[in-house]
Amino acid sequence: MAIGLTIGVAVALTVAAAGLLALLPALPGRLEADDLTGLAALLGDLVARLAGVTTLGFLAGIVAFVPLAEGTPAPSSDRLRRWLVRSAQVWFAASVLMTFANPSFVEGMAIRASFRADAWWLFMTSTTSALAWVASSVVALGIIMVGWWGRSRSAFTIAWFAGATATVFVAVTGSVSVGLGHDFATDTVGLATLASVALCSGAVGALAALDSGRGAAALRRYHRSVPPLLGVAAIGYGIGAWQQLAGVSPLATAYGLPVVAGFGVALLLGVSWLWRLFAERDPDTADWRHPVASVTRDVIVLILGLTSLTAAAYLPPPRFLAPQNIQINYLGYEVNVPATLERLIGLGRPNLLWVVLASAAIGMYAWGVVRAHRRGRRWPVSRSLFWLAGWGLTLYLAVSGLWMYSTAVFSWHMLVHMTVNMMIPVLCVLGAPVSLVYAASRPRLPDELAGAQELLGGLAENRVVRVVLSPPLVWLVYVGSLFLVYFSPLFPWLMRYHWGHQLMLLHFMIAGYAFFALLVGPDRHPWNLPYIVRFALLLSVMPFHAIFAVGIMSAHSVLGEAFYRSIDVAWVGDLLNDQSIAGQVTWFTGEVPALVAVIMLAAQWFRSDSSEAAAADLLADAGETGDELDAYNDMLAELARRDRGEPAKLVQ
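Computed from a prediction, not measured in an experiment: that's the story for all the values here.

Colleague: For this particular structure, what's the right way to read the overall build of the protein chain?
Modeller: Scanning the protein chain for helices and strands turns up 26 helices and two strands. Relative to the 2.2 N^0.38 estimate, which gives 26 Å for 652 residues, the radius of gyration of the protein chain is 28 Å and therefore close to what a compact globule would have. A principal-axis box enclosing the C-alpha atoms of the protein chain has dimensions of 105 × 75 × 45 Å. Across the protein chain, contacts joining residues at least 24 apart in sequence account for 79% of those joining residues at least 6 apart. Total accessible area on the protein chain is roughly 30,200 Å²; 70% of this is exposed by carbon and sulfur atoms. Each charge class in the protein chain was averaged separately, 40 positive and 40 negative side chains, and the resulting centres sit 7 Å apart.

Colleague: In this structure, what is going on with helix H8 (residues 215–245)? I would like to understand it.
Modeller: Structurally, the α-helix is built with 3.6 residues per turn, so residues lying three or four positions apart point the same way. Compared with the 45 Å implied by 1.5 Å per residue over 31 residues, the 42 Å span of H8 between its first and last C-alpha is a close match. The largest bend along H8 reaches roughly 35 degrees and is located at Val226, with the proline Pro227 sitting one to four residues downstream. Immediately beyond the C-terminal end of H8, within one or two residues, lies Ala246, with a positive phi of roughly 55 degrees.

Colleague: Even after reading the chapter, I still don't get the packing of aromatic side chains, so can you show me in this structure?
Modeller: Aromatic rings considered in pairs are described by the distance between their centres and by the relative angle of their planes. In the structure shown here, the tally under the stated rule is 29 aromatic pairs. Between Phe483 and Phe548 the ring centres are 5.6 Å apart and the planes differ by 75 degrees, which places this aromatic pair in the edge-to-face class. Here Phe483 is found in helix H20 (residues 471–486), whereas its partner Phe548 is found in helix H23 (residues 531–554), with 65 residues between them in sequence. Classification of Phe483 by relative accessible area gives partly exposed; the value is 25%. Look at Phe548 and you get buried, because its relative accessible area is 0%. Here a set of aromatic residues connected by ring pairs shows up, and it is made of Tyr330, Phe410, Phe483, Tyr486, Phe487, Phe491, Phe508, Phe548, Phe563 and Tyr564. Over the aromatic face of Trp83 sits the side chain of Arg86, whose NZ or CZ is 4.7 Å from the ring centroid.

Colleague: Mind showing me how you'd approach a nonpolar patch on the surface here?
Modeller: The grouping of Ile158, Val464, Val467, Val468, Leu473, Leu476 and Val477 at the surface amounts to a nonpolar patch, some 550 Å² of accessible area in total. Within the fold, Leu476 resides in helix H20.

Colleague: What is the right way to read the environment of Leu199 from this model?
Modeller: Tracing the chain through its elements places Leu199 in helix H7 (residues 182–208). Once residues within four sequence positions are removed from consideration, Leu199 is found in contact with Tyr222, Val226, Leu229, Leu230, Leu269 and Leu302.

Colleague: Is there a simple way to explain the nonpolar core in this structure?
Modeller: For soluble globular proteins, nonpolar side chains are generally found buried alongside one another. Counting 81 residues, the largest nonpolar core has Leu59, Phe65, Ile143, Leu199 and Tyr222 as its most contacted members. Core analysis: the second largest hydrophobic core is formed by 80 residues, Tyr330, Tyr333, Trp387 and Met422 among them.

Colleague: I would appreciate a short explanation of the packing of helix H14 (residues 381–399) against helix H16 (residues 410–429) in the present structure.
Modeller: Helices that pack against each other are described as a pair by the angle of their axes relative to one another and the distance between those axes. The N-to-C vectors of H14 and H16 enclose an angle of 150 degrees; their axes lie 7 Å apart at closest approach. Relative to H16, the element H14 is oriented roughly antiparallel. Contacts between H14 and H16 involve Phe386, Trp387, Ala389, Gly390, Trp391, Leu393, Thr394 and Leu397 on the former and, on the latter, Thr419, Val420, Met423, Ile424, Leu427 and Cys428. Residues that form the contact of H14 with H16 fall into these classes: 11 nonpolar, three polar and no charged.

Definitions and limits used
Residues numbered from 1 in each chain as written. Predicted model: local features only at pLDDT ≥ 70, side-chain atom pairs only at ≥ 80, totals over all residues. Heavy atoms only, no water. Helix = DSSP H or I, 4+ residues; strand = E, 2+ residues; numbered from the N terminus. Rg over C-alpha atoms; globule rule 2.2 N^0.38 Å. Contact = heavy atoms within 4.5 Å. Areas by Shrake-Rupley, 256 points an atom, 1.4 Å probe, with all protein chains shown as cover. Lys, Arg positive; Asp, Glu negative; His and termini not counted. Charge placed at Lys NZ, Arg CZ, Asp CG, Glu CD. Expected span 1.5 Å × (residues − 1). Bend = angle between axes of the 7 residues up to and from the residue. Phe/Tyr/Trp six-rings, centres within 6.5 Å; stacked < 30°, edge-to-face > 60°. Buried < 20%, exposed > 50% of the residue type's maximum accessible area, 1.4 Å probe, protein only. Lys NZ or Arg CZ within 6 Å of the ring centre and 35° of its normal. Patch = residues over 30% accessible without salt bridge, like charges linked within 9 Å, V, L, I, M, F, W, Y side chains within 5 Å. Salt bridge = Lys/Arg side-chain N within 4 Å of Asp/Glu carboxyl O. Core = buried A, V, L, I, M, F, W, Y, C linked by side-chain atoms within 4.5 Å. Axes fitted to C-alpha atoms, helices over the stretch in contact; angles between N-to-C directions. Parallel < 35°, antiparallel > 145°, perpendicular 65-115°, else oblique. Nonpolar A, V, L, I, M, F, W, Y, C, P; charged D, E, K, R; others polar.

What follows is the structure, encoded as structure tokens:
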């Protein structure tokens, strides 16, 4: 009842925000949508947000808040699946509506005009936020199918990650991607959205699973997750609000009202967590007295937080009134100062997303090593050094001038790209992070909640994951992505948006990691290939890298010419000459990681053969022989008989 009333309040506040939006003066030089379109966009967005986090909450409940039940979701998850399908259907309907309402609002047109097929298609190809809502619709539809037919925990895990990614895509293509400093704001709001999705879905999942028989464990798991997720969300949204306010006091603008309300929500969540920690804890049982009421309180506050985020997404921020040039429009900053060696290798404008990813990867790995040692398991120092080298190199690239100039100069872009695509994945793969997870955690009993081992094990056995990680597909993605992205209009289109550039780097790093994990990764892989096949795969990509580098050097037109000419970095000079340098950089930076991979693969092959030979010797010394050794000895005996002219021995 309380949650239903809160949703009613959220709808009323959203209608009020639409009314406030209608009273604001039109932005200079921009068409304004009519009041009905604004109301439809605000309400559709609110419904999509609420239905989305509810859907992800039921997914989280199935994955992380109900007992294992012999490796599959417990019977209590059947009820969650039914509600999952219903909420996903609402999410799908609201997302489809937003593919019409959102671009109509952004382009300043009446919503009825977008229902024409030609207009809708034009919106999809010209408005990135509309494309994000299409992705949200597709993911919601996929989750409906998973809810109908999915039975494995891994399927629901994949569905959760897909839904969270779609939600982040919607967030980073909104107003936060506009103006000076939007590179910082886009990164931090994307991370904050991911944290808030995890927080909201955790609250919904814990509340839905409190009657699963492990309610106390579910509440403890949710309670432990609140401080880090709330901290990331508050800091991320805070940086985004700072960028959007452009120095204007939040109390002096309509946009500031939901910003203030949002930080009030964060404060209430913090107070609720402290109340649960101290006031609601039973000293006799070390448990909470009113778990349902405690989580319900958090869900109510989170609904109000989502309402404030909806309003902030449509009320025009002061940043819209600040003038900007084309470099700021595309990059978020200017690069008019020429690059020098000192500026390239020294500290520059940081890439916040990669700083956070690298810092988190190093910190979590160190924590895993400590846990492994506490469990009495030795962890090789060499693996830690490889992981530290890979992510340390990532951290250096993210804070150096190389990153800042790589967004505007193609030659430096290719240096960063090839490092992220090859050298960093090779080093990180040799760190064996999956094996560390197994070493640092314990297997769970059937009546316990799933842990990291169970989730990773389920993903490794998932048929979709096995197909995605299959050698032909991994090879095709790793090699084909280079040509598909750089020799097509996709490259300049992605470079126009900060989130697009980040997505491109993430894709190439993941593709590189998947490829080298197949070849030299110490972690257990769904496809355990013979070493001769691994060598063949590694050698097979080298000509394609060379062809790619030569293609860049010998091209008679500038790759991404529309983008590079529009940002007009005068000190770069001849773009074709810079592109030729980029091809040379590509060739060189591709050879070094390949050499490292060859050395590691040869060492692993030698070590494997030595281990097999030693095992065979031990069997022979013990008077026992394995099948392969028996066959080898039989072959030698047969050759000796032939040399002596004796008849061949009959095989039984």
